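The lines below spell out each chain.
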Amino acid sequence: MPEIHAHSRSLGHVLIIAGNPRCGIKHARHSAEKLARRTIGFRDAEGTPVRRAQRIGACNAVLKDTYGGRFVRVRGHAKVTCHRMFGIVALTAEAVFRLVT
């Protein structure tokens, strides 16, 4: 696994899957390092894509479940785009109202 990570980093890739140490010593050391980084306000490049991917996935799930994004009941590119944009506008309005209240 370390060889794969090293090769990926040598290609300039940023890993978006966080590591999951499960043994006691590694986990304690990892937790202490994570706490120290959070204390000094350190933001690494690997945490940002993960959070962004989670936010995008949550937004897509809400669009599909609540605002009619799962099924298309119209024909034509312009009509489909219009319906999708109505869902995005409704989702945005709900988020703004949630911020205000």
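Everything numeric in this text was worked out from a predicted model, so none of it was measured.

A. Main features of the overall build of the protein chain. In terms of helices and strands, the protein chain carries 4 helices and 0 strands. Ordered by position from N to C terminus, the α and β elements of the protein chain give α-α-α-α. The buried share of the protein chain, taken over its 101 residues, is 5%. Contacts in the protein chain between residues at least 24 apart in sequence constitute 45% of all its contacts with a sequence separation of at least 6.

B. Spotlight on the pattern of salt bridges. In the structure shown here, the tally under the stated rule is 2 salt bridges. Its salt-bridge partner being Arg-70, residue Asp-65 comes within 2.6 Å of it at the nearest N-O pair. Classification of Asp-65 as exposed rests on a relative accessible area of 56%. Classification of Arg-70 as partly exposed rests on a relative accessible area of 47%. Here Arg-98 makes a salt bridge to Glu-94, at a shortest N to O gap of 3.3 Å. One end of the pair is Arg-98 and the other is Glu-94, both in helix α4 (residues 77-100) and 4 residues apart, which spans about a single turn.

What counts and what doesn't
- Residues numbered from 1 in each chain as written.
- Predicted model: local features only at pLDDT ≥ 70, side-chain atom pairs only at ≥ 80, totals over all residues.
- Heavy atoms only, no water.
- Helix = DSSP H or I, 4+ residues; strand = E, 2+ residues; numbered from the N terminus.
- Buried < 20%, exposed > 50% of the residue type's maximum accessible area, 1.4 Å probe, protein only.
- Contact = heavy atoms within 4.5 Å.
- Salt bridge = Lys/Arg side-chain N within 4 Å of Asp/Glu carboxyl O.

These figures come from the coordinates and say nothing about function on their own.
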